[in-house]
Number of protein chains: 2
Amino acid sequence: MIGRTHMNGHVTEDVIGQSVQLKGWVQKRRDLGGLIFLDLRDRTGIVQVVFQPENEQAHRLAESIRSEYVLDIKGNVVQRENPNPNMPTGLVEVVADEVVILNASKMTPFPISEEAEQTSEDLRLKYRYLDLRRPSLQETFRLRSKASNIMRNFLDEQDFLEVETPILTKSTPEGARDYLVPSRVHPGEFYALPQSPQLFKQLLMVSGFERYFQIARCFRDEDLRADRQPEFTQVDIETSFMDVEDLYAMMESMMTRVMKETLGKDIVTPFPRMPYAEAMSRFGSDKPDTRFGLELIDVAEAVKGAGFKVFDMALEAGGEVKALNVKGAADNFSRKDIDKLQEFTAIYGAKGLAWVKVTPDGLNGPIAKFFDEAAVARLIAATEAEAGDLLVFVAAKASIVADSLGALRQKLAKELGLIDETVFNFLWVTDFPLVTFEEEDGRFYANHHPFTMPRREDLDKLETDPGNVLAVAYDLVLNGYELGGGSQRIYERDIQERMFKLLGFTEEEANEQFGFLMEAFEYGTPPHAGIALGLDRLIMLLAGRTNLRDTIAFPKTASASDLLTAAPSPVSDAQLNELSIRTAVKQ
Amino acid sequence: MIGRTHMNGHVTEDVIGQSVQLKGWVQKRRDLGGLIFLDLRDRTGIVQVVFQPENEQAHRLAESIRSEYVLDIKGNVVQRENPNPNMPTGLVEVVADEVVILNASKMTPFPISEEAEQTSEDLRLKYRYLDLRRPSLQETFRLRSKASNIMRNFLDEQDFLEVETPILTKSTPEGARDYLVPSRVHPGEFYALPQSPQLFKQLLMVSGFERYFQIARCFRDEDLRADRQPEFTQVDIETSFMDVEDLYAMMESMMTRVMKETLGKDIVTPFPRMPYAEAMSRFGSDKPDTRFGLELIDVAEAVKGAGFKVFDMALEAGGEVKALNVKGAADNFSRKDIDKLQEFTAIYGAKGLAWVKVTPDGLNGPIAKFFDEAAVARLIAATEAEAGDLLVFVAAKASIVADSLGALRQKLAKELGLIDETVFNFLWVTDFPLVTFEEEDGRFYANHHPFTMPRREDLDKLETDPGNVLAVAYDLVLNGYELGGGSQRIYERDIQERMFKLLGFTEEEANEQFGFLMEAFEYGTPPHAGIALGLDRLIMLLAGRTNLRDTIAFPKTASASDLLTAAPSPVSDAQLNELSIRTAVKQ
């Protein structure tokens with residue numbers, strides 16, 4: 001029974017009267033008054049097949065058929081007696097002539113339907129091949145393939161070449177932790193899996209490719225959170241001679257096409273832009289979700305000297321006092337509810353969450369007593385508060401105020417239903433500081449990476465005031481997620497050397513690790529800039545999902561295990577001997 | 001001077017009279033009668049720029065400019081006094097108004113031109129970014145990007161989904177040597193880099209994706225030959241329910257489109273097919289180059305009992321005697337030349353290379369005396385020999401006859417100019433033996449891999465006569481290169497178990513390594529088949545190159561080193577400690 005005339009989802013009333021041959025999986029079987037009904041599923045959908053007792057042979061075989069059996073069926077399409085208008089094939093059914101069982105199936109450990117979500121994720125990851133049969137996951141991977149193809153074709157039209165860069169590369173300790181690969185041919189030496197193709201794409205610019213892209217696999221051996229995977233995919237782009245404005249415009253065109261051709265959404269360009277400092281100040285985040293307000297309000301001027309010691313002390317120490325005005329929420333939040341908010345902000349280092357409720361008669365709450373009439377007026381004006389509003393405050397150093405109120409803002413918006421989930425708000429965040437001083441290590445770290453170009457006008461400050469040097473760097477933010485980021489790159493050896501020095505590299509270390517790049521800069525390197533977008537995250541947002549694992553066919557768990565194939569796993573001593581390594585497992 | 005109005009290769013007579021802004025690299029500088037001429041190169045080509053002494057500032061700057069400087073130039077396009085009709089921009093030149101040196105360049109270690117081929121490859125690999133500036137390499141990577149895109153779009157139209165499979169996978173010792181990646185989270189355990197996505201693509205078929213493809217990176221830690229790289233790329237395809245005939249037809253359509261849209265070549269479909277046994281017999285190769293004749297001729301019947309002991313002994317031992325008829329070459333090959341051919345065939349295990357020259361009067365040469373008139377007549381008839389032909393013979397066991405004469409056939413064809421390099425001969429080689437017995441190890445090995453389906457009609461012989469079981473496997477051959485291969489896959493647990501047993505796995509080993517696959521077969525696995533094409537090799541053939549490294553942007557040497565970044569390299573003890581491994585380098 002070779003051959004297939006139709007996909008199951010396409011067997012509609014247009015096909016009535018035709019004989020068809022179908023293949024697929026049994027979604028379910030029902031026996032009804034001597035008739036046997038099967039729902040036959042393939043990647044396009046489900047069609048109902050009926051076995052009549054008159055066709056003894058097929059009917060007898062059908063009796064043995066269970067869910068998830070794989071069948072090859074010949075039959076005739078007829079109008080259904082009890083149509084189901086809710087499915088595309090609901091007006092017809094296929095009267096089976098012949099059936100061949102291509103493969104049987106045991107009872108699956110969880111149902112092949114959206115109900116599977118009720119099952120533990122570990123079990124679903126072990127049987128990933130069954131979980132992937134769910135139509136919603138199939139749809140996500142269809143979306144992923146389509147979105148990748150849209151971007152590839154867009155970049156191809158823009159004269160970009162896709163160039164594959166190595167996976168077996170050199171270990172460069174700066175940045176996240178590398179995955180290492182022992183070399184057999186060079187005992188005691190190791191390759192590293194790339195955290196990104198950064199150096200290679202810059203070298204391609206040195207080579208004069210001018211426009212490079214790659215949908216590239218990247219690797220980071222970090223402790224995993226819900227939105228991290230040890231291997232991930234980025235849409236990696238680099239251009240020479242291109243102005244940053246042109247790069248923005250090009251990325252906006254690309255995202256416009258992706259949104260239109262995947263979700264049918266029109267989005268507005270150019271995307272708004274916001275300097276990093278403003279994003280931190282107004283939203284407490286460098287990737288603000290701009291689908292709702294609830295911004296952080298600086299109330300320092302309003303509360304200074306009013307007599308609430310906690311506020312005054314924070315300000316005197318150089319910190320901030322900021323508030324969220326939770327509009328109309330005064331009555332919805334009990335003291336206990338607010339205690340819970342306080343516990344939440346404590347995660348982000350806030351020692352307390354002060355609050356007042358706004359009533360027609362003034363302020364109400366534990367700290368209301370500290371504010372005289374003038375102070376209340378200032379506070380009301382600053383927060384644009386009205387009767388019924390809840391004001392919450394954090395007083396601390398700037399980073400804690402931002403982190404805690406930024407997170408609280410997001411949490412409250414979700415709980416209060418302030419977010420329009422149908423909206424896609426793209427945003428460029430710009431003007432990042434080049435480096436951040438980490439007190440723990442007593443050194444500066446690059447905010448993006450060591451190859452990011454400082455603003456020309458800030459070059460003078462690179463040695464004297466590095467904390468205030470801004471980078472020509474930009475992040476693309478979507479609905480509160482960092483979709484990607486990029487920068488102009490350093491292309492002059494002396495600036496690159498100064499940068500490494502700032503990051504605490506000795507000259508020897510810099511040369512040992514990045515000498516080849518700095519040497520390349522001496523052979524006619526063009527100005528270049530680029531960007532990388534996280535494909536997994538983009539697909540997660542397009543698919544309206546919240547779990548990155550749903551966008552990766554064979555994802556790993558939080559402990560970086562593949563539960564399906566049981567990787568990682570022990571290997572033989574012979575393998576280790578060939579690689580000149582031994583394991584040194586602490587007992 | 002932001003902005004760029006034209007690409008250099010597009011500054012033709014259509015642009016005369018316009019003011020342009022160009023960017024690029026200086027190919028060369030010439031000073032002539034006060035004028036300074038620069039050839040300015042970008043990815044599209046070269047245009048001549050002239051600096052007139054009247055424009056003092058620009059002229060003075062131009063005096064400092066050397067080869068490979070990166071420039072930003074504004075000027076006016078004029079008709080050239082001494083046109084060069086050999087280049088697209090040869091009728092015009094750009095009179096420079098302004099010039100900005102974007103970056104300088106030291107003298108490059110080798111010229112940025114095709115003459116670089118004269119330089120040692122190691123030096124060119126160290127400065128790969130300079131070698132990649134050569135137009136012919138740029139063109140190869142443009143071709144690679146384009147061919148990939150053509151195949152992607154073709155497969156997309158055929159409703160294939162591109163699904164990314166993991167790079168951090170499980171080590172499965174069967175097959176080539178794995179690259180291993182120590183796990184930090186699971187001390188003493190390792191991931192392996194995939195030799196191919198074979199298991200994952202089969203699992204995607206179990207998942208009901210039905211049509212999968214991926215342009216996938218694969219890894220093999222093998223000793224490298226000229227046409228091998230530790231990491232390589234394959235166009236990986238898998239389908240469910242698809243008949244092998246349909247798969248052939250689809251691949252033929254895809255290759256037709258690739259050939260047409262990259263090289264403008266029309267190729268004929270369907271591709272010819274040849275069983276493995278016939279390919280070995282006629283061409284001494286399972287990937288025969290069918291662009292020329294010079295086939296292996298079985299002369300056993302002609303020479304048997306004629307009195308030449310070497311031939312008779314080989315035949316009596318169950319071996320073969322085969323000949324090549326090198327048409328009209330008798331006069332071109334001296335005894336010394338033939339000695340060299342003999343040395344060549346010795347590499348492939350042939351103990352000797354017998355030969356005769358055909359003259360108008362009969363045979364001439366050391367073994368001529370063994371043949372009486374009847375034997376000569378039989379030999380002439382079998383080889384269709386004419387006066388002036390050279391016949392060479394190998395007598396040995398079949399595999400040595402095939403290997404040595406197959407290689408000699410290819411060598412002679414190249415040297416004698418028998419190959420039409422403009423022809424692309426595709427060929428399906430089919431009906432491969434499922435397994436081969438390796439005398440050294442005393443066991444059977446899978447010819448493709450352990451997941452290849454035996455022919456149904458041969459299943460009975462799987463235990464009793466495995467050496468004569470044929471597989472439903474096929475290779476796609478192009479001009480003597482194996483472009484790719486594939487097979488129907490086993491999808492029933494019991495057949496897979498029998499296969500592992502045949503390959504010497506204990507039940508425990510089979511379950512330990514591939515238990516998840518065999519378990520998957522019990523949950524409704526559809527019949528499926530697939531193929532994988534070597535992208536690097538395809539591009540090599542399309543580009544008319546002979547070195548696989550020319551098709552890979554950052555290739556590795558024969559000792560698997562990246563000379564540019566100096567990978568692999570030692571890593572810190574801290575890194576090794578985190579991974580719970582130590583190096584154990586023999587001193």
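Residues numbered from 1 in each chain as written. Chains lettered and ligands numbered in written order. Predicted model: local features only at pLDDT ≥ 70, side-chain atom pairs only at ≥ 80, totals over all residues. Heavy atoms only, no water.

Structural notes on the overall build of chain A
So, point 1. Secondary structure summary: chain A contains 17 helices and 23 strands in total.
So, point 2. Overall size of chain A, expressed as C-alpha extent along the three principal axes, is 90 × 75 × 55 Å.
So, point 3. Sorting the 587 residues of chain A into buried and exposed places 58% on the buried side.
So, point 4. Considering only residue pairs separated by 6 or more positions, chain A has 67% of its internal contacts joining residues 24 or more positions apart.
So, point 5. Total accessible area computed for chain A in this model is approximately 24200 Å², and 48% of it derives from carbon and sulfur atoms.
So, point 6. Taking the 66 positively charged and 92 negatively charged side chains of chain A as two groups, their mean positions are separated by 5 Å. (Helix = DSSP H or I, 4+ residues; strand = E, 2+ residues; numbered from the N terminus. Buried < 20%, exposed > 50% of the residue type's maximum accessible area, 1.4 Å probe, protein only. Contact = heavy atoms within 4.5 Å. Areas by Shrake-Rupley, 256 points an atom, 1.4 Å probe, with all protein chains shown as cover. Lys, Arg positive; Asp, Glu negative; His and termini not counted. Charge placed at Lys NZ, Arg CZ, Asp CG, Glu CD.)

Quick word on the relation of the copies chain A and chain B
So, point 1. Of the transformation placing chain A onto chain B, the axial shift is 0.0 Å and the rotation is 180°, giving an RMSD of 0.1 Å. Such a combination of rotation and displacement between the chain copies is what one expects of a two-fold axis.
So, point 2. Counting the interface residues of chain A, we find that 100% of their copies in chain B are interface residues as well, pointing to one common contact surface. (Least-squares fit on C-alpha atoms with pLDDT ≥ 70 in both.)

A few points about the UniProt feature "binding site: L-aspartate" (unreviewed entry) in chain A
Residues and elements named next belong to chain A.
So, point 1. Here the UniProt-annotated "binding site: L-aspartate" (unreviewed entry) positions come out as Glu174, Arg220, His448 and Arg489.
So, point 2. Here His448 shows up in the loop between strand S19 (443–446) and helix H13 (461–464).
So, point 3. Those residues in contact with His448 that sit more than four places away from it in its chain are Phe432, Ala473, Tyr474, Asp475 and Gly486.
So, point 4. Engagement of the side chain of His448 in a polar contact is seen with the side chain of Asp475, the distance being 3.1 Å. (UniProt positions renumbered as here; feature names shortened; annotations may be inferred. Polar contact = N/O pair within 3.5 Å; in protein donor to acceptor, adjacent residues only side chain to side chain.)

Describing helix H11 (residues 373–383) of chain B
All names here are of chain B.
So, point 1. When H11 is considered as a whole, its buried residues turn out to be Ala375, Val376, Leu379 and Thr383. Along the long axis of H11, the arc covered by the buried residues comes to 100°, so they all point the same way. Within H11, the exposed residues directed more than 90 degrees away from the buried face are Glu373 and Ala381.
So, point 2. Among the residues trailing H11, Glu384 stands out with phi positive, at a value near 50°. (Arc of directions from axis to C-beta.)

Let's talk about helix H7 (residues 276–283) of chain B
An α-helix turns once per 3.6 residues; consequently, residues spaced three or four apart project the same way.
All names here are of chain B.
So, point 1. Taken together, the buried positions of H7 are Ala279, Met280 and Phe283. The arc that holds the buried residues of H7, viewed along the axis, is 105°, so those residues lie on one side.
So, point 2. The secondary structure elements touched by the buried residues of H7 are strand S11 (273–275), strand S13 (320–326), helix H12 (398–415) and strand S17 (426–430).
So, point 3. One or two residues past the end of H7 sits Gly284, with phi positive at roughly 65°.

Thoughts on the pattern of salt bridges
So, point 1. A full pass over the atoms with the stated rule returns 98 salt bridges over all chains.
So, point 2. Where Glu386 of chain A meets Lys327 of chain A, a salt bridge forms, and the shortest distance between an N and an O atom there is 2.9 Å. You can see Glu386 of chain A sitting in the loop between helix H11 (373–383) and strand S16 (390–396) and its partner Lys327 of chain A sitting in the loop between strand S13 (320–326) and helix H10 (335–347), a full 59 residues away along the chain.
So, point 3. Between Asp42 of chain B and Arg4 of chain B there is a salt bridge; the shortest N-O distance is 3.5 Å. Placement of the pair is Asp42 of chain B in strand S2 (residues 35–42) and Arg4 of chain B in the segment before strand S1 (19–32), with a sequence separation of 38 residues.
So, point 4. Its relative accessible area of 6% is what places Asp42 of chain B among the buried residues.
So, point 5. In this structure Arg4 of chain B comes out as partly exposed when scored by relative accessible area, which is 25%.
So, point 6. Because the salt bridges share partners, they merge into one network encompassing Arg144, Arg217, Glu231, Asp536 and Lys556 of chain A together with Glu164 of chain B. (Salt bridge = Lys/Arg side-chain N within 4 Å of Asp/Glu carboxyl O.)

Some points on the side chain of Ser285 of chain B
Residues and elements named next belong to chain B.
So, point 1. If you trace the backbone, Ser285 turns up in the loop between H7 and strand S12 (297–298).
So, point 2. For Ser285, a relative accessible area of 17% translates into the label buried.
So, point 3. Of the polar contacts made by the side chain of Ser285, one reaches the backbone nitrogen of Lys287; its length is 2.9 Å.

Let's talk about the environment of Thr239 of chain B
Residues and elements named next belong to chain B.
So, point 1. Relative to the helices and strands, Thr239 resides in strand S10 (residues 231–240).
So, point 2. On the accessibility criterion, Thr239 (1% relative accessible area) is buried.
So, point 3. Distance in space between the C-alpha atoms of Thr239 and Leu199 is 13 Å, their sequence separation being 40 residues.

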